Amino acid sequence: MKNVMLRIIPIYFLLVSTSLLAQQELSLSPSGYGSVTVPKPMKTTEKIIETAKSWVANFNQTIDYPYEVYDITSDGFKIDGHKPNAFYYRNRGEAFYHRVKYTLNVQLRETTYSIRVSIPEIYTSDVLTELRVADFFAPDGRVKDDYIDAKPSLDKSVNSIIRSFTDFMATY
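Residues numbered from 1 in each chain as written. Predicted model: local features only at pLDDT ≥ 70, side-chain atom pairs only at ≥ 80, totals over all residues. Heavy atoms only, no water.

A. Summary view of the side chain of Thr129. Looking at where Thr129 falls in the secondary structure, it is placed in the loop between strand S6 (127–128) and helix H3 (150–171). Take Thr129: its relative accessible area is 18%, and that puts it in the buried class. In this structure the side chain of Thr129 is engaged in a polar contact, spanning 3.3 Å, whose partner is the backbone nitrogen of Leu131. Beyond its immediate stretch of four places on either side in the chain, Thr129 contacts Ile122, Tyr123 and Thr124. (Helix = DSSP H or I, 4+ residues; strand = E, 2+ residues; numbered from the N terminus. Buried < 20%, exposed > 50% of the residue type's maximum accessible area, 1.4 Å probe, protein only. Polar contact = N/O pair within 3.5 Å; in protein donor to acceptor, adjacent residues only side chain to side chain. Contact = heavy atoms within 4.5 Å.)

See the structure below:
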């Protein structure tokens, strides 16, 4: 019975975190991304940080760009990584794909943790651009015509990063 329970608990957390995350899809706004809150796995803070380090190494294993876990405290930590082809937009029929550097700011609470995502850098190939996600929006808050494709493709990438992170945290 104990072995069955030990197998069921990770599956339960995976289903709960996935179902909660499905309800909390992030969408880019002129001020950036909001945060999602998910149930905290039954692990010590040290084990959560160790699992987060394993996730980022695993998630970025085929990417030739640096990643790190830093600003580690008892209340949270930050993760920087890169996502190739994180978004695209079209200009005169030609698609332009961009790599982004993302930051996950993870804040630990007693029974939950929250993740806030930011995109501090955008690259074309290996060249850092001056483009910021705020540039996707007109002053009135609507998405500029040039970035109609960029917003949904970046939203999809950001949500896949968060889903991967929360699933890994719940499972391992």
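B. How the structure looks around the packing of aromatic side chains. For the coordinates displayed, the defined rule picks out nine aromatic pairs. An aromatic cluster is defined as three or more aromatic residues linked by ring pairs; in this entry it consists of Phe87, Tyr89, Phe96, Phe136 and Tyr147. For the cation-ring pair, Arg99 lies above Tyr123, with the distance from its terminal atom to the ring centre recorded as 3.9 Å. (Phe/Tyr/Trp six-rings, centres within 6.5 Å; stacked < 30°, edge-to-face > 60°. Lys NZ or Arg CZ within 6 Å of the ring centre and 35° of its normal.)

C. Local environment of unusual backbone geometry. Despite not being glycine, Asp71 has its phi angle at roughly 50°, a positive value. Looking at the secondary structure, you find Asp71 in strand S2 (residues 68–73). By relative accessible area, which is 48% here, Asp71 ends up partly exposed. Positioned with a positive phi, Asn85 is a non-glycine residue whose angle comes to about 50°. Residue placement: Asn85 occurs in strand S3 (residues 76–91). Residue class for Asn85 comes out exposed when judged on its relative accessible area of 54%.

D. Looking closely at the confidence of the model for the protein chain. When pLDDT is averaged along the protein chain, the result is 88, and 87% of the positions lie at 70 or above. When pLDDT is averaged over each element of the protein chain, strand S5 (residues 112–124) comes out on top at 97 and helix H1 (residues 2–23) at the bottom at 49. Taken together, the stretch residues 13–22 has pLDDT below 50 and engages in 19 contacts with residues farther than four places along the chain or on a different chain. (pLDDT = per-residue confidence, 0-100.)

E. Structural context of the pairing of S2. Judged from the four bridges that link them, S2 and S3 form a sheet pairing that is antiparallel. In the sheet register, Tyr70 faces S3, and the bridge partner there is Lys78. In textbook terms, the turn of a hairpin is the stretch between consecutive antiparallel strands, and for S2 and S3 this stretch comprises two residues. (Pairing = 2+ DSSP bridges.)

F. Fine view of the environment of Tyr33. Inspection of the secondary structure assignment puts Tyr33 in the loop between H1 and strand S1 (35–39). Considered as a pair, Tyr33 and Val133 are 100 residues apart in the sequence and their alpha carbons are 9.8 Å apart. Here the side chain of Tyr33 touches Asp155 through a polar contact of 2.8 Å, side chain to side chain.

G. Representation of the packing of helix H2 (residues 45–59) against H3. Running from N to C, H2 and H3 cross one another at 135°; their axes reach a closest spacing of 10 Å. In terms of orientation, H2 lies oblique with respect to H3. Judged by the sense of rotation from one axis to the other, the crossing of H2 with H3 is right-handed. Within the contact between the two elements, H2 uses Ile48, Thr51, Ala52, Ser54, Trp55, Asn58 and Phe59 and H3 uses Ile161, Ser164, Phe165, Phe168 and Met169. (Axes fitted to C-alpha atoms, helices over the stretch in contact; angles between N-to-C directions. Parallel < 35°, antiparallel > 145°, perpendicular 65-115°, else oblique. Left-handed = near helix turned anticlockwise from the far one by under 90°.)

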